[in-house]
Amino acid sequence: METEHLIASHLAEWHAATRHPFLDAVRDGTLPPDAFHTWLVQDYRFVGDLLRFQARLLARAPRRAQPVLAGGLVALVSELGWFESQAQQRGLRLDAPAHPVAAAYGELLARLEHQPFAVGITALWALERAYLEAWQHAAPGAPAFRPFVEHWTVPEFAAYVAGLADAANEALAAAEDAGGLAEQAFLEVTRLERDFWQMAWEAAPPALPATTAASEVLAPAPGLTSGSGRPGTQAGPAAPGVMPPEPFAGTAPAPELAMGRPPPAHRHQMGLAARLWLAEQELAQQALEHPFVRALGEGTLDRERFKRYIAQDAFFLEAFARAYALALARSADREGMAAFFELLKGALDELDLHRGYAQQWQIDLAAVEPAQATLAYTDFLLATAALGSLGEVCAAMVPCMRLYAFLGQSLLAARGDRLERHPYAEWIRTYSSQEFEGLAERLEALLDRYAHDTPPVRGAYHRAMRLEVAFFEAAFAAPAETTG
Ligand code: MP5
């Protein structure tokens, strides 16, 4: 029996597995925080179980099924990291005990290890295909849930599911006597998929950190659903304490939870931008731990240093905007032009923010003398934009966006999403905002599109990362009295 035939023969069950009020609520933004949190925690556990299952399935896979299973396995490891950073950004913990439905799913996977390969690969295809269709059903998703919808609806994921179908069909054709067991496994998967949504939908309030209100846990950043350009400056709501209803099982969050959020990695085939960012985690951490950034996050940075930094940053941003303009001019297609146009507009908006700062903090932007570190960066950017390939230009520009999104999101998360009476709240809000994350992702998509994994591209990305750290270094080292 073929995979498509399995779905066609059990349409009602399939429908129940892939359509659920949970998914409707993801689409229209009405999903209760508890339901989302429960799903996130339990699905993280599930993916852990799936990883073990898939590793064992790969160990006994026929030669032709190895590539798709191995590729998926690598992606599952990064998916666990992605879950961790999504949870961290939302201030959610992932270490709750298994719900009976998640436990039952884990048991099914364990049982399948003792069944023919054809049965295991059919079950794997079914559960991935169910997720593809379920999240397609929720698309495009309310802004708070969009990263999740995208995660399971990108073309790479659909291609992965198609690859699993091929492997399952080949295995089923080769082992005809496994058909009955495969159909049974397919039905068990569909039932558990339905139960999984239902479990989350009916969730009792999950364990939350003591300082996080349920209403705050959904959005990675304030202003997320405002759709209003720059986030406002008003303080977030005071969070009433919510005590965990039961003791946490397992260990405290691992230290690597503080790692950079990988860009929306196409989990089943990590893009170049995602790989470049992962390769630069050391410099990303160096930037996050830099005394300038740390003091900025804690609100203890002295005003003169901040003013000086803003003045230099305004100078830098003008060059950055010009680099976008050069990239726009060199785009071979309308899509690229439109994307660079929007990014250019984002950079100009950011410059407006600096103009606002300049007024508020009495900085004369016209009188800014660029520092060495600033000139090193702008010269590099403009030279690359003028002479490099379009892929190299993207590689030179992405670090600025991705790093600042990372810094903004990390600094906000470190403060438990609260910025009342913080002198640099607006800076943190800007760079932790969904809008900024969207711009970073947009540029990363252009990098994935135009760049190849070549030494000049890697070199440009790495150089920009180093220049970013040097920029903070200069801002911190600058004598406080000589503000620009
Ligand atoms: C998947 C999932 C898809 N994450 N959770 C459930 C309950 N079913 C299917 O697996 P993957 O590997 O995350 O795409």
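### Overview of the environment of F320
- Inspection of the secondary structure puts F320 in helix α14 (residues 303-330).
- Its relative accessible area of 1% is what places F320 among the buried residues.
- Note: C-alpha distance between F320 and L344 (24 residues apart in sequence) is 8.5 Å.
- When neighbours within four sequence positions are excluded, F320 is seen to be in contact with L381, M397, C400 and M401.

### Details of the confidence of the model for the chain
- Averaged over the chain, the pLDDT score is 84; the fraction of residues at 70 or greater is 85%.
- For residues 204-269, every residue scores under 50 in pLDDT, and the model assigns this stretch 153 contacts once sequence neighbours within four places are set aside.

### Comments concerning helix α7 (residues 117-138)
- Helix length check: α7 (22 residues) gives 32 Å between terminal C-alpha atoms against 32 Å at 1.5 Å per residue, within 8%.
- Of all 22 residues that make up α7, 19 are buried, and the element is covered over most of its length.

### Observations regarding the packing of α7 against helix α10 (residues 179-201)
- Packing of α7 against α10 leaves a shortest axis separation of 9 Å and a crossing angle of 35°. Of the two possible hands of crossing, α7 and α10 adopt the one that is right-handed. Here α7 contributes V119, T122, A123, W125, A126, L127, A130, Y131, A134 and W135 to the contact with α10, which in turn contributes L181, A182, A185, F186, V189, E193 and W197.
- When its residues are assigned to classes, the contact of α7 with α10 shows 15 nonpolar, 1 polar and 1 charged.

### Some thoughts on the pattern of salt bridges
- Tallying each qualifying case throughout the model produces 22 salt bridges.
- Between D333 and R449 there is a salt bridge; the shortest N-O distance is 2.8 Å. On the criterion of sequence distance, the pair formed by D333 in the loop between α14 and α15 (334-360) and R449 in helix α19 (residues 434-450) is long-range, its members being 116 residues apart.
- With a relative accessible area of 25%, D333 lands in the partly exposed category.
- One continuous salt-bridge network, built from bridges that share partners, spans E4, R129 and E133.

Definitions and limits used
Residues numbered from 1 in each chain as written. Predicted model: local features only at pLDDT ≥ 70, side-chain atom pairs only at ≥ 80, totals over all residues. Heavy atoms only, no water. Helix = DSSP H or I, 4+ residues; strand = E, 2+ residues; numbered from the N terminus. Buried < 20%, exposed > 50% of the residue type's maximum accessible area, 1.4 Å probe, protein only. Contact = heavy atoms within 4.5 Å. pLDDT = per-residue confidence, 0-100. Expected span 1.5 Å × (residues − 1). Axes fitted to C-alpha atoms, helices over the stretch in contact; angles between N-to-C directions. Left-handed = near helix turned anticlockwise from the far one by under 90°. Nonpolar A, V, L, I, M, F, W, Y, C, P; charged D, E, K, R; others polar. Salt bridge = Lys/Arg side-chain N within 4 Å of Asp/Glu carboxyl O.

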